[in-house]
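Coordinates in review
The primary structure of each chain is shown beneath.
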Amino acid sequence: MPTRPTALVTGASRGIGRAIALELASTHDLVVVARTARDLWTLADEATRRGAQVTPIECDITDPAAVDRELDAVDCDVLVNNAGVAVLKPFLQLTPDEWHRMVDVNVNALYHVTRAVLPGMVERGRGHVITISSTAARNTFVNGSCYVGTKHFVRGFCECLMLEVRDSGVKVSMINPGSVATELFPAGTDTSWMITPEDVALAVRHQVDTPPHLLQYSVEVRPLTPKRRRDGSAR
Ligand SMILES: NC(=O)c1ccc[n+]([C@@H]2O[C@H](COP(=O)([O-])OP(=O)(O)OC[C@H]3O[C@@H](n4cnc5c(N)ncnc54)[C@H](OP(=O)(O)O)[C@@H]3O)[C@@H](O)[C@H]2O)c1
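Throughout what follows, the structure given in this document is the object of discussion. What you see is a predicted model, and the numbers here were worked out from it, not measured in a lab.

**Notes on the overall build of the protein**
Looking only at helices and strands, the protein has six helices and seven strands in total. The order of helices and strands in the protein, counted from the N terminus, is β-α-β-α-β-α-β-α-β-α-β-α-β. Rg of the C-alpha trace for the protein: 17 Å, near the compact-globule value of 18 Å for 235 residues, within the 12% margin. Taken along the three principal axes of its C-alpha coordinates, the protein extends 55 × 40 × 35 Å. Looking at the 235 residues of the protein, the share that counts as buried comes to 48%. Sequence separation of 24 or more characterises 64% of the internal contacts of the protein that already satisfy a separation of 6 or more.

**Observations concerning the packing of helix H3 (residues 64–71) against helix H4 (residues 96–124)**
As a packed pair, H3 and H4 sit with axes 9 Å apart at the nearest point and diverge in direction by 25°. Taken as axis vectors, H3 and H4 run roughly parallel relative to one another. Our pair here, H3 against H4, has a crossing hand that is right-handed. Note on element contacts: H4 touches H3 through His 112, Val 113, Ala 116 and Val 117, opposite Pro 64, Val 67 and Leu 71. Tallied by class, residues from the contact of H3 with H4 come to six nonpolar, one polar and no charged.

**Regarding a nonpolar patch on the surface**
Residues Phe 91, Leu 92 and Trp 99 make up a contiguous nonpolar surface patch of about 370 Å² in total accessible area. With respect to the element layout, Trp 99 can be found in helix H4. When its relative accessible area of 32% is taken as the criterion, Trp 99 is described as partly exposed.

**Details of the site of the ligand**
Close to the ligand lie 31 residues; Ser 13, Arg 35, Thr 36, Tyr 147 and Thr 182 are nearest. A distance of 2.5 Å separates an oxygen atom of the ligand from a polar side-chain atom of Thr 36. A distance of 2.6 Å separates an oxygen atom of the ligand from a polar atom in the side chain of Thr 182. Compared with its free state, where it exposes 890 Å², the ligand has 97% of that area covered by protein. For the shell around the ligand, the per-class residue count stands at 14 nonpolar, 12 polar and five charged.

**Observations concerning the pairing of strand E4 (residues 78–81)**
With burial as the criterion, each face of E4 is covered, one bearing Val 78 and Val 80 and the other bearing Leu 79 and Asn 81. Bridge count for strand E1 (residues 6–10) against E4 is three bridges, and the pairing is parallel. Looking across to E4, one finds that Val 9 is bridged to Val 80. Sheet analysis places E4 next to strand E5 (residues 127–132), joined by four bridges and oriented parallel. When the sheet's bridge partners are listed, Val 80 is paired in E5 with Ile 130. For the segment spanning E4, H4 and E5, crossover handedness is right-handed.

**Here's the deal with the pairing of strand E2 (residues 29–34)**
With six of six residues buried, E2 lies mostly within the body of the structure. Neither face of E2 is exposed, since Asp 29, Val 31 and Val 33 on one face and Leu 30, Val 32 and Ala 34 on the opposite face are all buried. Where E1 lies against E2, five bridges are found, and the strand directions are parallel. Looking at the pairing, Val 9 lines up with Val 32 of E2. Handedness of the crossover is the feature at issue here: the chain leaves E1, passes through helix H1 (residues 15–24), returns alongside E2, and the resulting connection is right-handed.

**Overview of the state of the cysteines**
On inspection of all chains with the given rule, the structure shows zero disulfides. The structure places no disulfide on Cys 146, whose sulfur is separated from the nearest cysteine sulfur, that of Cys 158, by 17 Å. Cys 158 forms no disulfide, and the closest cysteine sulfur to it belongs to Cys 160, at a distance of 9.5 Å. Look at Cys 158 and you get buried, because its relative accessible area is 0%.

About the thresholds
Residues numbered from 1 in each chain as written. Predicted model: local features only at pLDDT ≥ 70, side-chain atom pairs only at ≥ 80, totals over all residues. Heavy atoms only, no water. Helix = DSSP H or I, 4+ residues; strand = E, 2+ residues; numbered from the N terminus. Rg over C-alpha atoms; globule rule 2.2 N^0.38 Å. Buried < 20%, exposed > 50% of the residue type's maximum accessible area, 1.4 Å probe, protein only. Contact = heavy atoms within 4.5 Å. Axes fitted to C-alpha atoms, helices over the stretch in contact; angles between N-to-C directions. Parallel < 35°, antiparallel > 145°, perpendicular 65-115°, else oblique. Left-handed = near helix turned anticlockwise from the far one by under 90°. Nonpolar A, V, L, I, M, F, W, Y, C, P; charged D, E, K, R; others polar. Patch = residues over 30% accessible without salt bridge, like charges linked within 9 Å, V, L, I, M, F, W, Y side chains within 5 Å. Areas by Shrake-Rupley, 256 points an atom, 1.4 Å probe, with all protein chains shown as cover. Salt bridge = Lys/Arg side-chain N within 4 Å of Asp/Glu carboxyl O. Near = heavy atom within 4 Å. Polar contact = N/O pair within 3.5 Å; in protein donor to acceptor, adjacent residues only side chain to side chain. Pairing = 2+ DSSP bridges. Right-handed = clockwise from strand over helix to strand, strands pointing away. Disulfide = S-S within 2.5 Å.

Next up, the structure:
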């Protein structure tokens, strides 16, 4: 039986990462990473039923030693840097913990995880690093000082890395979702108008399936109809 390629997905315990893992399960074996073991095992059961061999890894990706220990030996063809956190509130109300958590997960963990698996891709002369950024990577909005700042960082990071490694045969690309109905938003948020995690997973599927010679660097996915019409009225 031909061996399947392997995809490593961070933040796979719920939301967008879970949907990406399930989408890729029909074609890839999976390494799924998050802190919540129970949810990873539930995902693993479902992904196994779709044909994947699944390795769940319980890991806080903000911890460089843990990432080294858990991910250094992982050979993967696709890395999906998806894990992220958002606390949207006025700058002066952000606690130091909230600030550091966003920078640690959205920025520093990108370094730890990408650093663990990129050398293998470069050595093999193929691979694809897909990072879930956001439309916030090029927009700004009130209450987004830290979150938006981290996503602007992600955009700069991805574009530099893409230029740096494409000669070695490794693709680097970004998916930029608008609003997606997940637990990233506080309980009680009206998510009825948002796109779904599965919509974002389809964009990842499309990136993964691009022909070897083609690098589709950046894709934006957003609801066709926004929350408010242009005249300001609600939908
Ligand atoms: N929802 C949106 O509207 C939206 C829009 C644009 C971009 N995005 C981006 O999409 C990505 C996924 O967000 P989501 O909406 O799916 O959020 P979510 O439902 O809250 O899921 C976040 C995921 O990140 C994981 N995670 C958080 N901290 C972690 C850590 N320290 N170590 C390992 N895993 C960690 C969580 O797992 P554990 O808690 O189990 O560790 C969870 O699986 C983020 O990068 C986000 O910025 C979301």
